[in-house]
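Remarks on the overall topology
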Amino acid sequence: KVLFVATITGHINSFHLPYLKMFKENGYEVHVATNDDVPIQYCDVHHKISICRNPFKIDNLKAIKQLKKIINKEKFDIVHCHTPMGSVVARLAAKEARKNGTRVIYTAHGYHFYKGAPLINWLLYYPVEKWLAKYTDTQITITQEDYDLAKKKFKIKDSHLVHGVGLDEEKFNIFISNEEKENLKQELKIDDKSVVCTYVAELNKNKNQQLLIKTIKRLKDDNNNVTLLLVGKGKYEQKLLKLVKKLNLEENVKLLGYRSEIVKILSITDIYLASSLREGLPVNVMEAMYMGLPIIAVDNRGHRELVQHNENGFIVEQNSAMENNMSSYLNLLANDKKLRDKFGKDSKEKVKEYTLKNVIENMKKIH
């Protein structure tokens, strides 16, 4: 038996169904524990516990008791925990079960403490991770920076670096005809000669889309024909729309909201932009790389993991010159198709190690 623990079912459904399937195919009874009862494929038993994202909620203490009861009753071979509170609750609940052979695996999808993180993050989250390390049998990190930190700071003998949750190639191995591309450009009112830039992310403060909008303004002022597609929803939507209007960029910047046909949008994209200030290991950048796109990304540990400066794109340092540097790199790529093609080929090659097939093989070995 295996138990997957996360705060919400959405996390399991978004990232871990291939691994639930892997366990089913290898004869395991698969259990999941989350705070809701949303249906989950490849799951035999779904346990609803009162876990919540806010670490200061009393419900999390209830969740530890609930989960401890479930673990002691079911006698799992493996408890695999995800999400910040999922990992806290599961590791505390499985303390006794570990003495009887249950193995606790924890995947850190990006520590809240990292190089350049606010001091409060180190004060709040680092001591908790250090304490819980003694209740962890196997630690999985998804970036080199987190792996190095875990090896150095936490005394977990079995520690692994795995390249994220795996990029599902099947979703992107779709033929899109030139006619379909033209139709999409017409639908989105994109000039055929325009260089198309795209960013797929929630519209929020961390994703920092206003940097990209201001960058497009600079390029437009220099007579560059560039279009920015922002895909996603979020609480910053109205703020970004106001900025677009203020800078008179209604024809150059298009907020598309939630879109399911990401492959089609990436197929008409020339340059992929990623402006977030913090990332674990961003799937959106991997998807763009798989589609053979050059990347311009703001410097953070997730982007550094995927983008090699001057190889498959450019890394923009987080400093006072960030807007200026982003504009310079975009200007360079927008006017140099050969360089775009070269970076795009490098992206396609580099992302191979992050594919679902490779990640599942690594996870099989660890399990």
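Residues numbered from 1 in each chain as written. Predicted model: local features only at pLDDT ≥ 70, side-chain atom pairs only at ≥ 80, totals over all residues. Heavy atoms only, no water.

Before going further, it helps to examine the pairing of strand S8 (residues 195–200). Summarising burial for S8: six of the six residues are buried, a large majority. Burial along S8 is two-sided: the face carrying Val 195, Cys 197 and Tyr 199 and the face carrying Val 196, Thr 198 and Val 200 are both buried. In terms of strand pairing, S8 meets strand S9 (residues 226–231) through six bridges, oriented parallel. Within the sheet, the bridge partner assigned to Thr 198 lies in S9 and is Leu 229. (Buried < 20%, exposed > 50% of the residue type's maximum accessible area, 1.4 Å probe, protein only. Helix = DSSP H or I, 4+ residues; strand = E, 2+ residues; numbered from the N terminus. Pairing = 2+ DSSP bridges.)

A few words now on the packing of helix H9 (residues 209–221) against helix H10 (residues 237–246). The contact between H9 and H10 brings their axes to 10 Å, and the two run at 10 degrees. Between H9 and H10, the angle is such that the two are roughly parallel. For the pair H9 and H10, the contacting residues are Gln 209, Gln 210, Ile 213 and Lys 214 in the first and Leu 240, Leu 243 and Val 244 in the second. Of the residues that constitute the contact of H9 with H10, the class distribution is four nonpolar, two polar and one charged. (Axes fitted to C-alpha atoms, helices over the stretch in contact; angles between N-to-C directions. Parallel < 35°, antiparallel > 145°, perpendicular 65-115°, else oblique. Contact = heavy atoms within 4.5 Å. Nonpolar A, V, L, I, M, F, W, Y, C, P; charged D, E, K, R; others polar.)

Next up on the list: the pattern of salt bridges. Across all of its chains, the model carries 21 salt bridges by this definition. Note that Lys 342 is salt-bridged to Asp 346, the shortest N-O span being 3.4 Å. Here Asp 346 and Lys 342 lie together in helix H15 (residues 337–350), a separation of four residues that amounts to about one turn. Asp 346 sits in the partly exposed class, given a relative accessible area of 29%. Among the ionic contacts, a cluster of salt bridges with common partners joins Glu 145, Asp 299 and Arg 304. (Salt bridge = Lys/Arg side-chain N within 4 Å of Asp/Glu carboxyl O.)

Our next topic: unusual backbone geometry. The phi angle of most residues is negative, glycine excepted, and most peptide bonds adopt the trans form. For Asn 248, which is not a glycine, the phi torsion comes out positive at approximately 60 degrees. Counting through the fold element by element, Asn 248 comes out in the loop between H10 and strand S10 (253–257). Unlike most non-glycine residues, Asn 310 shows phi in positive territory, near 70 degrees. The residue Asn 310 is located in the loop between helix H13 (301–306) and strand S13 (313–316) in this model.

Looking now at the sheet that holds strand S4 (residues 78–81). The strand order across the open sheet formed by seven strands is S3-S2-S1-S4-S5-S6-S7, and the pairing between neighbours is parallel. Each having just a single partner strand, strand S3 (45–48) and strand S7 (158–161) make up the two edges of the open sheet. Strand after strand, the sheet turns through a mean of 20 degrees between neighbouring axes, direction not considered. Inspection of the sheet shows S4 paired to strand S5 (residues 103–108) by four bridges, in the parallel sense. The residue of S5 that forms the bridge with His 80 is Ile 105.

What follows is about the packing of helix H3 (residues 59–74) against helix H4 (residues 84–93). Interaxial distance between H3 and H4 falls to 8 Å at its minimum, and their mutual angle equals 50 degrees. The orientation of H3 with respect to H4, classified from their angle, is oblique. Crossing of H3 against H4: the hand is right-handed. Across the interface between the two elements, Asn 60, Ala 63, Ile 64, Leu 67, Lys 68 and Ile 71 from H3 touch Met 85, Val 89, Ala 90, Leu 92 and Ala 93 from H4. Within the contact of H3 with H4, the residues separate by chemical class into nine nonpolar, one polar and one charged. (Left-handed = near helix turned anticlockwise from the far one by under 90°.)

Within this structure, the stated rule accounts for one cavity of 30 Å³ or more. By volume, the largest cavity is sized at about 90 Å³. Residue lining of the largest cavity: 13 residues in total, with His 16, Thr 107, Gly 164, Val 165 and Met 363 positioned closest to the centre. Each residue belonging to the lining of the largest cavity can be placed in one class, and the counts come to seven nonpolar, six polar and no charged. (1 Å grid on protein atoms, 1.4 Å probe; cavity = no way out; pocket = protein on both sides within 12 Å on 5 of 7 lines; lining within 4 Å. Points joined across faces, edges and corners; volume = space filled by probe spheres on them.)

Before going further, it helps to examine the state of the cysteines. Here the structure, examined in full by the defined rule, presents zero disulfides. Free of any disulfide, Cys 43 has its nearest cysteine sulfur in Cys 81, 17 Å distant. Taking the relative accessible area as the measure of exposure, Cys 43 reaches 19% and is therefore buried. Cys 81 supplies the cysteine sulfur nearest to Cys 52, a cysteine that is in no disulfide, at a spacing of 17 Å. (Disulfide = S-S within 2.5 Å.)

Across all of its chains, the model carries ten aromatic pairs by this definition. Ring centres of Tyr 199 and Tyr 272 lie 6.2 Å apart, and the angle between their planes is 75 degrees; this geometry places the pair in the edge-to-face category. On the criterion of sequence distance, the pair formed by Tyr 199 in strand S8 and Tyr 272 in strand S11 (residues 271–274) is long-range, its members being 73 residues apart. Comparing Tyr 199 with Tyr 272, the two get one shared label, buried. Put simply, the rings of Tyr 111, Trp 122, Tyr 126 and Phe 154 touch in pairs and so form one group of aromatic residues. Lying over the aromatic face of Tyr 106, Arg 91 brings its terminal NZ or CZ to 3.9 Å of the ring centre. (Phe/Tyr/Trp six-rings, centres within 6.5 Å; stacked < 30°, edge-to-face > 60°. Lys NZ or Arg CZ within 6 Å of the ring centre and 35° of its normal.)

Below, the discussion takes up the sheet that holds S8. Taken together, six strands build an open sheet; the order of strands is S10-S9-S8-S11-S12-S13 and the sheet is parallel. A strand with exactly one partner marks an edge of an open sheet, and here the two such strands are S10 and S13. Within this sheet the neighbouring strands show an average axis-to-axis angle of 20 degrees, counted without direction. Where S9 meets S10, four bridges bridge the pair, whose relative direction is parallel. Looking at S10, one finds that Val 231 is bridged to Gly 257. Docked against the sheet, H9 engages S8, S9, S10, S11 and strand S12 (295–298), running at close to 165 degrees with respect to S9. Docked against the sheet, H15 engages S8, S11, S12 and S13, running at close to 85 degrees with respect to S13.

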